[in-house]
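What follows is the residue order along each chain.
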Amino acid sequence: MWVRTTCCYCRKTLNFLNPDGEEPTAGGISICTECHEISLFAEDGSLRRPTGEEREELLANPDVHSALVALALTPDPLAAIALWRMSQPFEN
Ligand SMILES: [Zn+2]
């Protein structure tokens, strides 16, 4: 599903796409398609900057890493999501 929110770094209005089709929950990860910064959803649905410790954990997450690589490869967010999905292991 799509959720309209604002990047807490560059203030760009983001149409957030959750690939799981669920509403984002507090602590959910968002990557800005404009500035490629990683944000976390707060309790009120807005985006907040991760703490230094959270940011280190996020950057060490292979899923986040492959999403950042996909965004670096194409300016088209939907193409980036498609690329990111191709890097995901198959699930049964
Ligand atoms: Zn941004």
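Rules used throughout
- Here the residue index of a chain counts from 1 through its sequence in written order.
- Only residues with pLDDT of at least 70 are given local features in this predicted model, and only at 80 or more are side-chain atom pairs given and counted; all residues enter the totals for whole chains, interfaces and linings.
- Labels follow the DSSP assignment, with helices taken as runs of H or I lasting at least four residues and strands as runs of E lasting at least two, numbered in each case from the N terminus.
- We call a residue exposed when 12 or fewer other C-beta atoms sit within 10 Å of its C-beta, buried when the count reaches 20 or more, and partly exposed for counts in between; the C-beta positions come from the backbone.
- For helices, the fitted axis covers only the stretch in contact; all axes are lines through C-alpha atoms, and the angles between them, taken along N-to-C directions, range from 0 to 180 degrees.
- Roughly parallel covers angles under 35 degrees, roughly antiparallel covers those over 145, roughly perpendicular covers 65 to 115, and oblique covers all other angles.
- Left-handed is the label given to a crossing in which the near helix is rotated counterclockwise from the far helix by less than a right angle, and right-handed is the label when the rotation is clockwise.
- Working definition of a contact: two residues with C-beta atoms, positioned from the backbone, lying within 7 Å.
- Whether two strands pair comes down to DSSP finding at least two bridges between them.
- Nonpolar cores are built from buried Ala, Val, Leu, Ile, Met, Phe, Trp, Tyr and Cys residues. These are joined into a set through C-beta atoms within 7 Å.

Explain the overall build of the protein chain to me, please; I cannot follow it from the model alone.
If you tally the helices and strands in the protein chain, you get three helices and five strands. The proportion of buried residues among the 92 residues of the protein chain is 16%.

How should I be thinking about the packing of helix H2 (residues 62–73) against helix H3 (residues 77–86) in this particular structure?
To describe two helices that pack against each other, one gives the angle between their axes and the distance between the axes. Running from N to C, H2 and H3 point in directions that differ by 140 degrees, and their axes come no closer than 8 Å. By the criterion of interaxial angle, the relationship of H2 to H3 is oblique. The chirality of how H2 crosses H3 is right-handed. Between H2, through Ser66, Ala67, Ala70, Leu71 and Leu73, and H3, the contact on the second element is made entirely by Ala80, Leu83 and Trp84.

What is the right way to look at the environment of Thr51 in this model?
Mapping Thr51 onto the fold places it in the loop between strand S5 (47–48) and helix H1 (52–60). Exposure remark for Thr51: the 10 C-beta atoms within 10 Å place this residue in the exposed category. C-alpha of Thr51 to C-alpha of Ser39: the two residues are twelve residues apart in sequence and 9.8 Å apart in space.

How should I be thinking about the sheet that holds S5 in this particular structure?
Whether parallel or antiparallel, the strands of a sheet pair through hydrogen bonds between backbone atoms. The strand order S3-S4-S5 describes an open sheet built from three strands, whose pairing is antiparallel. Of all the strands in the sheet, just strand S3 (29–31) and S5 have a single pairing partner and so form its edges. Where S3 lies against strand S4 (residues 38–41), three bridges are found, and the strand directions are antiparallel. The residue bridging Ile29 from the neighbouring strand is Leu40, located in S4.

Whenever I open this one, the nonpolar core confuses me. Can you help?
In a soluble, globular protein the nonpolar side chains are often hidden away together inside. Counting residues in each nonpolar core, the largest one holds twelve residues, listed as Cys7, Leu14, Ile31, Cys32, Ile38, Phe41, Leu47, Ala67, Ala70, Leu71, Ala80 and Trp84. Elements supplying a minimum of two residues to this core: S4, H2 and H3. For this core, the leading source of residues is H2, giving three residues. Filtering out sequence-adjacent residues up to four positions away, Phe41 remains in contact with Pro24, Thr25, Ala26, Gly27, Gly28, Ser30 and Leu47.

Would you explain unusual backbone geometry in this entry?
Note: most residues except glycine have negative phi, and most peptide bonds are trans. Within the chain, Arg11 stands out as a residue other than glycine whose phi angle is a positive 65 degrees. By secondary structure assignment, the location of Arg11 is in the loop between strand S1 (2–6) and strand S2 (13–17). In this structure, His36 is a non-glycine residue whose phi angle is positive, near 65 degrees. Residue placement: His36 occurs in the loop between S3 and S4.

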